[in-house]
Amino acid sequence: MIKILNILTDTNIGGAGRLLVNYLHCHDREKFLIKVVLPVGSELKPLVEAEGYEVIEMQNGRDKSFDLKAVSELVRIIKAEKPDIVHCHSAFSGKLAAFLCGIKRRFYTRHCAFEMPRRLTTCPGRQINGFVNNTLATDIVAVAQAAADNLTETGVNPQKITVIINGVEPMRKTSPEEQTALKEELGIGENTFVCGISARLEPYKGHMYLLDTVKEVTSSHPDSVFLIIGGGSEEANLKNRAAELGIADRVRFTGFVPDVAPYYNIMDLNLNCSVGTETSSLALSEGMSLSVPAVVSNFGGNPYMITDGVNGFVVPWKDPHAMSVAICRIMDDPELHRRLRDGAYSEYKAKFTAAAMTKQLENLYLKEN
């Protein structure tokens with residue numbers, strides 16, 4: 001049995017944490033003995049424990065990729081656990097600790113993709129970054145080709161990188177009665193066309209551009225509603241902007257919700273407006289598992305997940321008008337919407353299941369054993 005120690009320093013439940021839980025749910029427990037290191041107070045702990053895995057809590061490095069005290073603490077944990085593989089998720093402290101402990105298989109997953117600063121793509125930054133990452137990691141998982149491109153342009157050896165697209169468990173289907181009750185709770189008519197976005201309310205997710213889209217769409221399609229699911233630092237600014245645009249009655253801010261499945265069940269269309277970081281969006285995969293097509297910006301990994309006319313449409317990033325045109329096209333053509341719904345579910349089954357993702361990772365773990 002191969003002993004694997006996963007390290008994640010997030011205290012909230014972000015994409016990396018949800019991805020880890022999907023891995024844990026599908027792992028072969030007869031081949032792999034897995035433990036997870038999390039910071040004290042992490043919201044992820046009960047989800048990991050619910051899957052039947054032990055959590056080791058660390059006192060340092062909360063929400064930090066690098067922290068010297070965390071390195072020392074992780075060295076002690078790794079020496080005590082004696083894992084065959086250490087797999088870090090956006091935790092530089094863990095990568096360094098694993099290297100210092102002499103762990104032979106050192107994995108890390110690149111969960112994000114964004115425009116790389118010039119200092120990391122040119123000499124000497126590229127050479128330094130490449131040397132550090134190539135030294136600390138024996139294997140790197142990129143969750144989208146866009147993430148892999150980020151790595152190689154900053155000096156990482158492409159032979160170390162394996163692209164494994166994010167996969168998710170299918171979202172729970174709710175009953176018609178539950179859907180009607182949620183719509184009533186949100187003040188949404190039974191036949192209203194519902195668009196939704198599930199993402200942290202941060203500038204890089206592009207919600208401000210979405211509000212301009214909402215303004216344009218609702219001017220011609222007043223019987224449409226937009227769900228904005230999630231919390232974050234931009235919440236107050238977004239609510240103020242919606243009021244300024246006169247669309248507050250067309251937007252429903254739900255805040256953070258622990259179970260997004262009921263909201264996806266009432267969505268007709270899934271949206272992604274990212275402008276700063278995006279790989280293979282879990283929100284898009286989750287929507288597709290319920291046959292919800294998407295309109296997305298062409299940033300990062302979005303174009304690798306959505307194919308025009310198959311499971312949605314891809315539009316230029318930071319272009320509210322282009323997104324509005326795509327949304328209205330789908331709203332005005334029920335037959336197109338039906339085809340896109342069918343395509344969304346077919347793409348999910350073919351490419352984006354948690355089982356397929358986990359099998360690829362397990363094959364990578366077994367590659368040199």
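Residues numbered from 1 in each chain as written. Predicted model: local features only at pLDDT ≥ 70, side-chain atom pairs only at ≥ 80, totals over all residues. Heavy atoms only, no water.

S.K.: Which residues make up the overall build of the chain, and what values do they have?
M.R.: Along the chain, the regular secondary structure elements total 16 helices and 13 strands. For 369 residues, the compact-globule estimate of 2.2 N^0.38 gives 21 Å, and the C-alpha radius of gyration of the chain, at 21 Å, lies within 12% of that figure. On the principal axes, the C-alpha backbone points of the chain span a range of 60 × 50 × 35 Å. Buried residues in the chain amount to 55% of all 369 residues. When contacts within the chain are restricted to residue pairs at least 6 apart in sequence, those whose partners lie at least 24 apart make up 69%. A total accessible area of about 15,700 Å² is found for the chain, and carbon and sulfur atoms account for 51% of it. The averaged location of the 44 negative side-chain charges in the chain is 8 Å from the averaged location of its 40 positive side-chain charges. (Helix = DSSP H or I, 4+ residues; strand = E, 2+ residues; numbered from the N terminus. Rg over C-alpha atoms; globule rule 2.2 N^0.38 Å. Buried < 20%, exposed > 50% of the residue type's maximum accessible area, 1.4 Å probe, protein only. Contact = heavy atoms within 4.5 Å. Areas by Shrake-Rupley, 256 points an atom, 1.4 Å probe, with all protein chains shown as cover. Lys, Arg positive; Asp, Glu negative; His and termini not counted. Charge placed at Lys NZ, Arg CZ, Asp CG, Glu CD.)

S.K.: Give me the lowdown on the pattern of salt bridges, citing residues and values where you can.
M.R.: Tallied over the full model, the rule gives 17 salt bridges. With its nearest N and O atoms 3.5 Å apart, the salt bridge here joins Glu-54 to Lys-35. With Glu-54 in strand 3 (residues 54-58) and Lys-35 in strand 2 (residues 32-39), the pair connects residues that are 19 residues apart, well separated along the chain. A relative accessible area of 42% places Glu-54 in the partly exposed class. The salt bridge partner of Lys-45 is Glu-57, with a shortest N-O separation of 3.6 Å. Of the two residues, Lys-45 sits in helix 2 (residues 45-50) while Glu-57 sits in strand 3, which places them 12 residues apart along the sequence. (Salt bridge = Lys/Arg side-chain N within 4 Å of Asp/Glu carboxyl O.)

S.K.: Got a sec to walk through empty space enclosed by the protein? Specific residues and values, please.
M.R.: Following the criterion strictly, the structure yields 3 cavities of 30 Å³ or more and no others. Reported here for the largest cavity is a volume of approximately 80 Å³. Around the largest cavity, the lining comprises 14 residues; the ones closest to its centre are Tyr-209, Cys-273, Lys-318, Asp-319 and Met-323. Every element with two or more residues in the lining of the largest cavity is listed here: helix 9 (207-220) and helix 14 (320-331). The element that contributes the greatest number of residues to the lining of the largest cavity is helix 9, accounting for 3 residues. In terms of residue class, the lining of the largest cavity is made up of 9 nonpolar, 3 polar and 2 charged. Reported here for the second largest cavity is a volume of approximately 50 Å³. Taken together, Lys-3, Ile-4, Leu-5, Leu-33, Ile-34, Lys-35, Glu-81 and Pro-83 make up the lining of the second largest cavity. (1 Å grid on protein atoms, 1.4 Å probe; cavity = no way out; pocket = protein on both sides within 12 Å on 5 of 7 lines; lining within 4 Å. Points joined across faces, edges and corners; volume = space filled by probe spheres on them. Nonpolar A, V, L, I, M, F, W, Y, C, P; charged D, E, K, R; others polar.)

S.K.: Account for the environment of Ser-274, with residues named and values stated.
M.R.: Considering the arrangement of structural elements, one finds Ser-274 in the loop between strand 11 (269-272) and helix 12 (282-289). For the pair Ser-274 and Ser-297, spaced 23 residues apart in the sequence, the C-alpha separation amounts to 6.3 Å. Once you skip the residues sitting within four places of it in the chain, Ser-274 turns out to touch Tyr-204, Lys-205, Ser-297, Phe-299 and Trp-317.

S.K.: Pulling in residues and values, what's your account of the sheet that holds strand 11?
M.R.: Neighbouring strands of a sheet are bound in pairs by backbone hydrogen bonds; such pairs are parallel or else antiparallel. Within the open sheet, the 6 strands sit side by side as 10-9-8-11-12-13. Their pairing is parallel. This sheet does not close on itself; its edge strands, each paired only once, are strand 10 (251-255) and strand 13 (312-315). Neighbour to neighbour, the strand axes of the sheet diverge by 20° on average, direction disregarded. In this structure, strand 8 (residues 193-198) lies alongside strand 9 (residues 224-229), joined through 6 bridges in parallel fashion. Among the inter-strand pairings, Ser-198 is bridged to a residue of strand 9, identified as Ile-229. (Pairing = 2+ DSSP bridges. Axes fitted to C-alpha atoms, helices over the stretch in contact; angles between N-to-C directions.)

S.K.: Run through the nonpolar core, naming residues and quoting values.
M.R.: Among the nonpolar cores identified, the biggest contains 38 residues, and Val-48 and Met-288 are the most heavily contacted of them. For this core, the secondary structure elements donating two or more residues are strand 1 (2-8), helix 1 (15-26), strand 2, helix 12, strand 12 (294-297), helix 15 (334-351) and helix 16 (354-366). By residue number, the principal contributor to this core is helix 1, which donates 6 residues. Ignoring sequence-local partners within four residues, the contact set of Val-48 consists of Leu-24, Val-36, Leu-38, Tyr-53 and Val-55. Core analysis: the second largest hydrophobic core is formed by 31 residues, Leu-210, Ile-247, Cys-328 and Leu-340 among them. (Core = buried A, V, L, I, M, F, W, Y, C linked by side-chain atoms within 4.5 Å.)

S.K.: Please give an account of unusual backbone geometry that cites residues and values.
M.R.: Cis geometry marks the peptide bond from Cys-123 to Pro-124; its omega dihedral reads 5°. Note that Pro-124 resides in the loop between helix 5 (118-121) and helix 6 (125-136). Even without being a glycine, Asp-63 presents a positive backbone phi close to 60°. With phi around 60°, Lys-318 is a residue other than glycine that occupies positive phi space. Mapped onto the elements, Lys-318 comes out in the loop between strand 13 and helix 14.

S.K.: I'd love a proper account of helix 3 (residues 68-81), names of residues and values included.
M.R.: The terminal C-alpha atoms of helix 3 lie 20 Å apart, and with 14 residues this matches the ideal 20 Å at 1.5 Å per residue to within 8%. All of the buried residues along helix 3 are Ala-70, Val-71, Glu-73, Leu-74, Val-75, Ile-77, Ile-78 and Glu-81. Residues of helix 3 that are buried make contact with strand 1, strand 2, strand 3, strand 4 (85-89) and helix 4 (92-100). At the N-terminal end of helix 3, a side-chain oxygen is found 3.1 Å from the backbone nitrogen of Lys-69, two or three residues along, and the residue is Asp-67. Among the residues trailing helix 3, Lys-82 stands out with phi positive, at a value near 50°. (Expected span 1.5 Å × (residues − 1). Polar contact = N/O pair within 3.5 Å; in protein donor to acceptor, adjacent residues only side chain to side chain.)

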